[in-house]
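These are the residues of each chain, in order.
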Amino acid sequence: MKERGRMEQLWAHEKYRVMFHSQKHYNEIREVLKGAASYETVERLIMEAIKVSPTKGSMMNAIDHMWGYFRNCSDEDEKTEYRRLKEHLLEGEVEAEALLYFLAALSKKYHEQYLLNSSIIKSYV
């Protein structure tokens, strides 16, 4: 596989985990990928990003992006559960992992391969 393909595969695997930790790094990596970046540069930026402690805002941004895969196909009970978990996360009553487990379950149910292959969801499947 050519380097560009390897970079795109790495980015697809890690992008939601990067977004979960750092929107700044997410934006930086997207810009770097528009140019002639090396695989090593992208990999280094990803490793830097996941060292950043996630904020409630960065976690919710990533979770909302992943929820977008299910917004139209989920049933009313799933939509209600998503809103409930999101509210509890924002109030500090549950950890982000509760939402990640939920999204992992939806990924399996709806055969959402892109998310099933992402590093942030893979550990919850």
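In what follows, the structure referred to is the one given above.
What comes next is a walk through the structure.

The rules behind each value
Residues numbered from 1 in each chain as written. Predicted model: local features only at pLDDT ≥ 70, side-chain atom pairs only at ≥ 80, totals over all residues. Heavy atoms only, no water. Phe/Tyr/Trp six-rings, centres within 6.5 Å; stacked < 30°, edge-to-face > 60°. Helix = DSSP H or I, 4+ residues; strand = E, 2+ residues; numbered from the N terminus. Buried < 20%, exposed > 50% of the residue type's maximum accessible area, 1.4 Å probe, protein only. Lys NZ or Arg CZ within 6 Å of the ring centre and 35° of its normal. Expected span 1.5 Å × (residues − 1). Arc of directions from axis to C-beta. Axes fitted to C-alpha atoms, helices over the stretch in contact; angles between N-to-C directions. Parallel < 35°, antiparallel > 145°, perpendicular 65-115°, else oblique. Left-handed = near helix turned anticlockwise from the far one by under 90°. Contact = heavy atoms within 4.5 Å. Polar contact = N/O pair within 3.5 Å; in protein donor to acceptor, adjacent residues only side chain to side chain. Salt bridge = Lys/Arg side-chain N within 4 Å of Asp/Glu carboxyl O.

**Quick look at the packing of aromatic side chains**
Alright, step 1. Enumeration according to the criterion identifies 8 aromatic pairs in this entry.
Alright, step 2. Centroid distance Y16 to Y69: 6.4 Å. Interplanar angle 80 degrees. Geometry classified as edge-to-face. You can see Y16 sitting in helix α1 (residues 3-21) and its partner Y69 sitting in the loop between α4 (56-67) and α5 (76-90), a full 53 residues away along the chain.
Alright, step 3. A relative accessible area of 5% places Y16 in the buried class.
Alright, step 4. An angle of 20 degrees between the planes, with centres 6.2 Å apart, marks the rings of Y69 and Y114 as stacked. With Y69 in the loop between α4 and α5 and Y114 in helix α7 (residues 113-116), this pair connects stretches of sequence that are 45 residues apart.
Alright, step 5. By way of ring pairs, the aromatic residues Y16, Y69 and Y114 are connected into one cluster.
Alright, step 6. Taking NZ or CZ as reference, R6 lies 3.8 Å from the ring centre of Y39, over its face.

**A few points about helix α3 (residues 39-50)**
Alright, step 1. In this model α3 runs 17 Å from its N-terminal to its C-terminal C-alpha over 12 residues, within 8% of the 16 Å that 1.5 Å per residue would give.
Alright, step 2. Those residues of α3 that sit buried are Y39, V42, L45, I46 and A49. An end-on view of α3 places all buried positions within 135 degrees of arc, on one side of the element.

**What to know about the packing of α1 against helix α2 (residues 23-34)**
Alright, step 1. Viewed as axis vectors pointing N to C, α1 and α2 meet at an angle of 160 degrees, and their least axial separation amounts to 9 Å. The orientation of α1 relative to α2 falls into the category roughly antiparallel. When you trace α1 past α2, the crossing you get is left-handed. Packed against α1, whose contacting residues are R4, M7, W11, K15, V18, M19 and H21, the element α2 presents Q23, H25, Y26, I29, R30 and L33 at the interface.

**Looking at the side chain of H21**
Alright, step 1. Inspection of the secondary structure assignment puts H21 in helix α1.
Alright, step 2. Only 2.7 Å separates the side chain of H21 from the backbone oxygen of V52, close enough to count as a polar contact.
Alright, step 3. Excluding residues within four positions of it along the chain, H21 makes contact with A49, I50, V52, S53, P54 and S58.

**Details of the environment of E48**
Alright, step 1. Residue placement: E48 occurs in helix α3.
Alright, step 2. On the basis of relative accessible area, E48 is assigned to the partly exposed category, the value being 33%.
Alright, step 3. Along the chain, E48 and A36 lie 12 residues apart, while their C-alpha atoms are 20 Å from each other.
Alright, step 4. Of note is the side chain of E48, whose polar atom sits 2.9 Å from the side chain of R44.

**Remarks on the pattern of salt bridges**
Alright, step 1. Scanning the entire structure with this criterion turns up 9 salt bridges.
Alright, step 2. In this structure, E8 and R4 form a salt bridge, with 3.2 Å as the shortest nitrogen-oxygen distance. With a gap of 4 residues between them, E8 and R4 both fall in helix α1, about one helical turn apart.
Alright, step 3. On the accessibility criterion, E8 (45% relative accessible area) is partly exposed.
Alright, step 4. A salt bridge links E14 to R17, with the nearest nitrogen and oxygen atoms 2.8 Å apart. On the criterion of helical spacing, the pair formed by E14 and R17 is a turn pair, its members being 3 residues apart in helix α1.
Alright, step 5. When its relative accessible area of 24% is taken as the criterion, R17 is described as partly exposed.
Alright, step 6. Residues participating in the shared-partner salt-bridge network are D75, E78 and K109.

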